[in-house]
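Report on the structure
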Amino acid sequence: MTMSSQRFSFFDALYGEVELPAALGDLARMPVVQRLRDIRLSNIDSLSMPGISNISRYEHALGSAFLASSIGRGSQLTDNDLIMLGATALLHDAAITGFGHLVEEALQYFDTGFDHEKKLAVLLSSSDKAHLGGVNFQIFQGRQSGIQPWAQRVFGSSSPACIAEIIDGLRGHGRWGPYISSDLDLDNLDNLVRIAYHMGLAVDREMPVRIARGITPDSASGTPVFADATIAYIGDWVQLRHAVYTKLMLSKVDFVGKSMLLYAVTTAYSNGDLGIREQAWTLTDRDLINHLLSSPDPEVSRTVQAWLLSELWPLADLFWFGGEPPSFPMVKAFCVFASAELDRPCFAYRIRDKRVRRISIRVASGGVVELGVNPDRWLLGVVSRKREPFSRREIDRLREVASEFFEATFIGLADAPQLEVTPLFG
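Below you will find a few notes about this structure. (Residues numbered from 1 in each chain as written. Predicted model: local features only at pLDDT ≥ 70, side-chain atom pairs only at ≥ 80, totals over all residues. Heavy atoms only, no water.)

All right, on to the pairing of strand E10 (residues 368–371) then. Relative to E10, strand E9 (residues 359–362) runs antiparallel, the two being bridged by 4 bridges. By the bridge assignment for E10, isoleucine 361 is matched with valine 369. Counting the residues in the hairpin turn of E9 and E10 gives 5 residues, including glycine 366, whose phi is positive at 105°. (Pairing = 2+ DSSP bridges. Helix = DSSP H or I, 4+ residues; strand = E, 2+ residues; numbered from the N terminus.)

Written out as structure tokens, the structure reads:
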């Protein structure tokens, strides 16, 4: 492929017709980014919010890169700096698993330590011995990532140093890390508003751009400094986050769907039925579903088929508990414990309260502004492949044994309206 001299133009659901520098358009065509066309942003094919079911992480990656191209107005960033920042934004999800964070969490049930941002950084640095080829590892459709030849075309002899800076950014370090992995970064600026828009909520589609244009890198450290005028928009973003994640977290049908897919993946992984385990993360949504449907274990194939047909397992309830959420290996152990206590197969899943977030930002007028609050609770749900609904006695017993097992304070059921009130400023 030859390097195009023309800017890369595309139509975006949030931002309309936008352009990226030709170098980023070239990177967007590489297999490592094209793979994201077959991975959902919402982590699950939502039954309750069909509008978000098929937003791809490719769409989100392009949106994040566009926001990256919007910052730095009037700063000392060079053209190469802007390309490196845009590439970091474009690649931040490139090593994510099929069905996004959901399958990443499934791997964490086994304490694998998998992290998609670290995985891509390791591959780019050619230091992962489990993946022969390192930066040239075949990541999609038998093709190599394309990153190394792209960098050589764009940066020439300085490509190793530029790749190293991009790696630092993907790890949340260096000059670009704060723009991709921080309290308020380009990633979550785009993905929250994008999901809200496709969900059907009334949303200011320009909010992410207005905030991004108000960011200027500090002249000494390069860290983001926010214009004072962005504070009101950021306050709107915090409130929107609460509205979006209230719907995402508390949809019971989607919680069951996530739990069923988690059960299928964890069972297949435990059986050794995910091919080369170290490379299972490369499967796209379509690959993963087809793989699970053809599993020799009928529990795996039947579970996925039932989910695809919306034949959902019974859910005990959604319970709020206080404090820090337990590790996924601990949740895995609880599944065994709860199954024995209720004398029925149980599978549990937990989610940290994502409706709230504490944000600390540097502002141009000096000092630090803090918005939002830290999460202080987590959500637990228990499903069962036994088709009988949970009885009230079983639900009450699950609440008791969960409190004891996790040594956590039960706050209430997810339907309790008083749990939805969260202050904007802490």
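Structure shown, so let's carry the discussion forward.
Turning our attention to the side chain of arginine 35. Tracing the backbone through its elements, the reader meets arginine 35 in the loop between helix H2 (31–34) and helix H3 (57–70). At 3.1 Å, the side chain of arginine 35 forms a polar contact with the backbone oxygen of alanine 94. (Polar contact = N/O pair within 3.5 Å; in protein donor to acceptor, adjacent residues only side chain to side chain.)

The contact between helix H13 (residues 252–270) and helix H15 (residues 298–308) brings their axes to 9 Å, and the two run at 160°. The orientation of H13 relative to H15 falls into the category roughly antiparallel. H15 is crossed by H13, and the crossing has left-handed handedness. Contact residues: H13 offers Gly257, Met260, Tyr263, Ala264, Thr267 and Ala268, while H15 offers Glu299, Val300, Thr303, Val304, Ala306 and Trp307. (Axes fitted to C-alpha atoms, helices over the stretch in contact; angles between N-to-C directions. Parallel < 35°, antiparallel > 145°, perpendicular 65-115°, else oblique. Left-handed = near helix turned anticlockwise from the far one by under 90°. Contact = heavy atoms within 4.5 Å.)

Bringing the sheet that holds strand E11 (residues 377–383) into the picture now. With antiparallel pairing, the 4 strands of this open sheet are ordered in space as E8-E11-E7-E12. Single-partner strands in this sheet number two, and they are strand E8 (347–352) and strand E12 (410–413). Averaged over neighbouring strand pairs, the angle between their axes works out to 25° when direction is ignored. Inspection of the sheet shows strand E7 (residues 315–322) paired to E12 by 3 bridges, in the antiparallel sense.

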